[in-house]
Structure formats: structure tokens, C-alpha cells
Amino acid sequence: QVQLVESGGGLVQAGGSLRLSCEASGSARSVNPMGWYRQAPGKQRELVAVCTSGGSTNYAGSVKGRFTISRINAENTVYLQMNSLKPEDTAVYYCNAKYPVWGDLQYDYWGQGTQVTVSS
């Protein structure tokens, strides 16, 4: 079992910044990768950014150059620094951690979600 606790969401004006944090507990040492997804009203959940334990990262095209994901393995924590925020970044942001089950099979753990609202 892995528990994910997020923090850092809120309301910010366009052009502003926010930093999201997600701490994993339980059987957290085995999770890889960890990342962030988001879901806007009426839309499907989408990948924002992921980071492996080795430091490899991947970003959605819409956030590349504005968002930075980082991970501290010793603390089982992943961060998402969001700069130059736009109204279209408004969504509930979810922390995700993938836990190895068998072979290539992984189980997805999710945080409770944190609201990010960007006003124009």
C-alpha cells in the first residue's frame, strides 16, 4: 500500500507561480515513476509531468518550459514548480505513483487531488 498526500494548490493570477508537493508513504521506496496529472472540468485526466527515480523527466507539451518536476528519493517526495501559469492550467492536480506488481505490470496510486485555479 502506498499513500500519497498532496499540498500546495490554490488561487493565483495569470503569470504567477505555485509549487505542488506530494509525499509518498507506506511501501513508497518501490514506486517509480512518480508524477502529476490534472483534470479540468468536463475533460479527461491528462499527464502533466513524470519523474523517474533516476531523474529522467517527461512533460506534456502544453507545460514544457513553464513547469518543472523534481523528486527527492530519500524523502519519497515529488514537487511540481509551476511558473507563468495560464487560465487553461486551471484543474485538479493529482499526484501519481506507479508500483511494480509483476513484470511490466504496474499499479497506479493516486493522491486526493489539489485544486489549482488561475484567474485571468
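See above for the structure.
As a starting point, this report considers the structure included with it. All figures in this text were calculated on a predicted structure; none of them were measured in a lab.

### Focus: the packing of aromatic side chains
And then number 1: Counted under the stated rule, the structure contains 4 aromatic pairs.
And then number 2: Between the aromatic rings of Tyr37 and Trp110, the centroid separation amounts to 5.1 Å while the plane-to-plane angle is 75 degrees, which identifies the pairing as edge-to-face. Of the two residues, Tyr37 sits in strand β4 (residues 34-39) while Trp110 sits in strand β10 (residues 105-110), which places them 73 residues apart along the sequence.
And then number 3: For Trp110, a relative accessible area of 35% gives the class partly exposed.
And then number 4: Between the aromatic rings of Tyr94 and Trp110, the centroid separation amounts to 6.5 Å while the plane-to-plane angle is 90 degrees, which identifies the pairing as edge-to-face. With Tyr94 in strand β9 (residues 91-102) and Trp110 in strand β10, this residue pair connects regions lying 16 residues apart in the sequence.
And then number 5: Grouped by ring-pair contacts, the aromatic residues Tyr37, Tyr94 and Trp110 constitute a single cluster.
And then number 6: It is Arg45 that lies over the ring of Tyr94; its NZ or CZ is 3.7 Å from the centre.
And then number 7: Sitting above the plane of the Trp110 ring, Arg45 keeps its charged end 4.5 Å from the centroid.

Cut-offs applied
- Residues numbered from 1 in each chain as written.
- Predicted model: local features only at pLDDT ≥ 70, side-chain atom pairs only at ≥ 80, totals over all residues.
- Heavy atoms only, no water.
- Phe/Tyr/Trp six-rings, centres within 6.5 Å; stacked < 30°, edge-to-face > 60°.
- Helix = DSSP H or I, 4+ residues; strand = E, 2+ residues; numbered from the N terminus.
- Buried < 20%, exposed > 50% of the residue type's maximum accessible area, 1.4 Å probe, protein only.
- Lys NZ or Arg CZ within 6 Å of the ring centre and 35° of its normal.

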